[in-house]
Amino acid sequence: MQELGVSTNANYKITFMLDSAAMITVHTPRRGLIDVKPLGVIWGKFSEYYSKKNTIMFDDIGRNFLMNPQNGLKIRPFMKAHLNRDKDKELLKLTQYLKEIAKLDDFLELNHKHWER
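Residues numbered from 1 in each chain as written. Predicted model: local features only at pLDDT ≥ 70, side-chain atom pairs only at ≥ 80, totals over all residues. Heavy atoms only, no water.

Enquirer: Go over the side chain of N71 with me, naming the residues and quoting the values.
Expert: Looking at where N71 falls in the secondary structure, it is placed in the loop between β3 (57-59) and β4 (72-74). Polar side-chain contacts of N71 include one of 2.8 Å to the backbone oxygen of T55. Dropping the residues within four chain positions of it, N71 is found in contact with L39, W43, K52, T55, I56 and M57. (Helix = DSSP H or I, 4+ residues; strand = E, 2+ residues; numbered from the N terminus. Polar contact = N/O pair within 3.5 Å; in protein donor to acceptor, adjacent residues only side chain to side chain. Contact = heavy atoms within 4.5 Å.)

Enquirer: Quick one: what's the story with the side chain of H112, residue by residue and with numbers?
Expert: Looking at the element boundaries, H112 is found in the segment after α3 (90-101). If we ignore the near neighbours within four places in the chain, the residues touching H112 are I56, Q70, G72, L73, Y97, I101 and F107.

Enquirer: Which residues make up α3, and what values go with them?
Expert: Over its 12 residues, α3 extends 17 Å from the first C-alpha to the last, a length consistent with the 16 Å expected when each residue adds 1.5 Å. All of the buried residues along α3 are E90, L94, Y97 and I101. Looking down the long axis of α3, one finds its buried residues gathered within 60° of arc, a one-sided arrangement. In α3, the exposed positions that point more than 90 degrees away from the buried face belong to L92 and K99. Elements in contact with the buried residues of α3: β3 and β4. (Expected span 1.5 Å × (residues − 1). Buried < 20%, exposed > 50% of the residue type's maximum accessible area, 1.4 Å probe, protein only. Arc of directions from axis to C-beta.)

Enquirer: Tell me about the pattern of salt bridges, and name the residues and values.
Expert: For the coordinates displayed, the defined rule picks out four salt bridges. A salt bridge links E116 to R76; the shortest N-O distance between them is 2.8 Å. Taken as a pair, E116 in the segment after α3 and R76 in the loop between β4 and α2 (81-84) lie far apart in primary sequence, 40 residues in all. Across the pair K93 and E116 runs a salt bridge, and its minimum N-O distance is 3.2 Å. Of this pair, K93 sits in helix α3 while E116 sits in the segment after α3, placing them 23 residues apart in sequence. (Salt bridge = Lys/Arg side-chain N within 4 Å of Asp/Glu carboxyl O.)

Here you go:
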């Protein structure tokens, strides 16, 4: 996100960015101990604004939203920025999806797995 200038560019309208420092460790029967991003913390602190119904998290690692799978949307990783900056269109495609779901009151029925369709 730093390479994209998200935190310094006023054109981005990002409410939260949770990086690895915000992750908590949980135990799962299948994977053992893993680190995840806890959306419940945001929902608990800012319940008047954010909930399962209106929160979506993007990540290139699906297990990061294991605690809240319905609120996670897996995107392709942004790799080799110095070589691919001009070719990477992931966020442009994501913009269209976000404009469509922004019209909804509740994201819980969405299947983000096929968001590109």
